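Close look at the chain arrangement
Take a look at the letters that make up each chain.
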Amino acid sequence: MKALLRIFRPSRKLVLIIGGIALLGGVSGGAALYIGKDTLLGPPAETVNGAACTDVNLVTIKKQKRVWIRKYIKTEPTDGMTRVKTALRVAKAVYDAQKPDLVQVVVLDANGPTLRSDIRGRAIGADVVYIPHPDPIVESIDGNKVFTARYYDGTAAANGLFFGERVDLPEDEITTLNASFKDVSDCIDPIAVAATEGGEGKPTAKGEKPAAGGHGAAPAEGEAAPAAAPSGGH
């Protein structure tokens, strides 16, 4: 028995190595608890890039040889800043894909309205306008700005209407947020998903089809230009 114990007795060097690994693991775990996992691993993706979202409606407007896109999207309940980040991310994704002269993204709650006639006022949780190359034709929308962004800082009620104070972000803060994205992805298009799965797109609400100018609609010549917020908005 003594011979067996002598054979399997670990060397002093091996004991020190194992002890050092255990100590390091304990220190790392303690540091994670003390410092916080966000500091060690980085903030969650939603904090950086905004939330996942779903398309509600899309309006493409051609006016004076310019293309303006207004997109309505919805997210699950989240805070106002995350809604703004989501809108900024989607605006950039739309611009990268289509290169329009103006992109407007309107964020609704998952329980909010889907008909364009109902999307106004406190139904709008966040609203972003992106004009990559401002010029005299579009300057009248909101001055000579590349970005405008606003949101309600409160959460949405059960009916999808938002409460709280309206916050208008300064352009330098918007620019900083826009430059911080690690991923620039668009929203999920439920109609495209249904088509891919072999089904048909579902009506938007109570058996009604998407409003004119929605997914797949022809561009609306001469339609009213996008304002900084939809009619009756903030």
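Here, every reference points to the structure presented above.
In this report, we go over the structure that sits alongside the text. Values in this document were obtained by computation on a predicted structure and should not be read as measured data.

With that out of the way, let us pick up the overall build of the chain. From N to C terminus, the chain includes seven helices and seven strands. Going from the N terminus to the C terminus, the chain shows its helices and strands as α-α-α-α-β-β-α-β-β-β-β-α-α-β. Burial statistics for the chain: of 234 residues in total, 35% are counted as buried. Put simply, of all contacts in the chain between residues at least 6 apart along the chain, 68% involve residues at least 24 apart. For the chain, the computed accessible surface area is about 13,400 Å², with 58% contributed by carbon and sulfur atoms.

Before going further, it helps to spend a moment on the packing of aromatic side chains. Across all of its chains, the model carries two aromatic pairs by this definition. An angle of 75° between the planes, with centres 5.6 Å apart, marks the rings of Y95 and Y130 as edge-to-face. With Y95 in helix α5 (residues 80-98) and Y130 in strand β4 (residues 126-130), this pair connects stretches of sequence that are 35 residues apart. Given a relative accessible area of 15%, Y95 falls into the buried group. A relative accessible area of 13% means that Y130 is categorised as buried. Taken together, a centroid distance of 4.8 Å and an interplanar angle of 10° make the contact between Y130 and F147 stacked. Here Y130, found in strand β4, pairs with F147, found in strand β5 (residues 147-152); they are 17 residues apart in sequence, far enough to count as distant.

Close contact between α5 and helix α6 (residues 171-179) brings their axes to 10 Å; oriented N to C, the two are set at 70°. By the angle class used here, α5 and α6 are roughly perpendicular. Crossing handedness for the pair α5 and α6: right-handed. Between α5 and α6, the contacting residues are M81, K85, L88 and K92 on the first element and E173, I174, L177 and N178 on the second. Residue composition of the contact of α5 with α6, by class: four nonpolar, one polar and three charged.

Taken across its ten residues, strand β2 (residues 66-75) has seven buried, putting it largely inside the fold. Sheet topology places strand β1 (residues 54-63) next to β2; nine bridges connect them, and they run antiparallel. Residue pairing for β2: K63 is matched across the bridge by R66. Adjacent in sequence and paired antiparallel, β1 and β2 are bridged by two residues, among which Q64 carries a positive phi angle near 50°. Alignment of β2 against strand β3 (residues 102-109), held across eight bridges, turns out to be parallel. In the sheet register, I73 faces β3, and the bridge partner there is V107.

Formed by 25 residues in total, the largest nonpolar core has its most connected members in I73, V84, L88, V90, V103, V105 and L169. Where this core is concerned, the elements lending two or more residues are β2, α5, β3, β4, β5 and α6. Element by element, the count of residues in this core is highest for α5, at seven residues. Residues Y72, V106, V129 and I131 belong to the second largest nonpolar core, which totals twelve residues.

Summed over all chains, the structure comprises five salt bridges. Here D55 makes a salt bridge to K71, at a shortest N to O gap of 3.2 Å. Of this pair, D55 sits in strand β1 while K71 sits in strand β2, and the two are 16 residues apart along the sequence. Per residue, the accessibility class of D55 equals that of K71, and both read buried.

Criteria and thresholds
- Residues numbered from 1 in each chain as written.
- Predicted model: local features only at pLDDT ≥ 70, side-chain atom pairs only at ≥ 80, totals over all residues.
- Heavy atoms only, no water.
- Helix = DSSP H or I, 4+ residues; strand = E, 2+ residues; numbered from the N terminus.
- Buried < 20%, exposed > 50% of the residue type's maximum accessible area, 1.4 Å probe, protein only.
- Contact = heavy atoms within 4.5 Å.
- Areas by Shrake-Rupley, 256 points an atom, 1.4 Å probe, with all protein chains shown as cover.
- Phe/Tyr/Trp six-rings, centres within 6.5 Å; stacked < 30°, edge-to-face > 60°.
- Axes fitted to C-alpha atoms, helices over the stretch in contact; angles between N-to-C directions.
- Parallel < 35°, antiparallel > 145°, perpendicular 65-115°, else oblique.
- Left-handed = near helix turned anticlockwise from the far one by under 90°.
- Nonpolar A, V, L, I, M, F, W, Y, C, P; charged D, E, K, R; others polar.
- Pairing = 2+ DSSP bridges.
- Core = buried A, V, L, I, M, F, W, Y, C linked by side-chain atoms within 4.5 Å.
- Salt bridge = Lys/Arg side-chain N within 4 Å of Asp/Glu carboxyl O.

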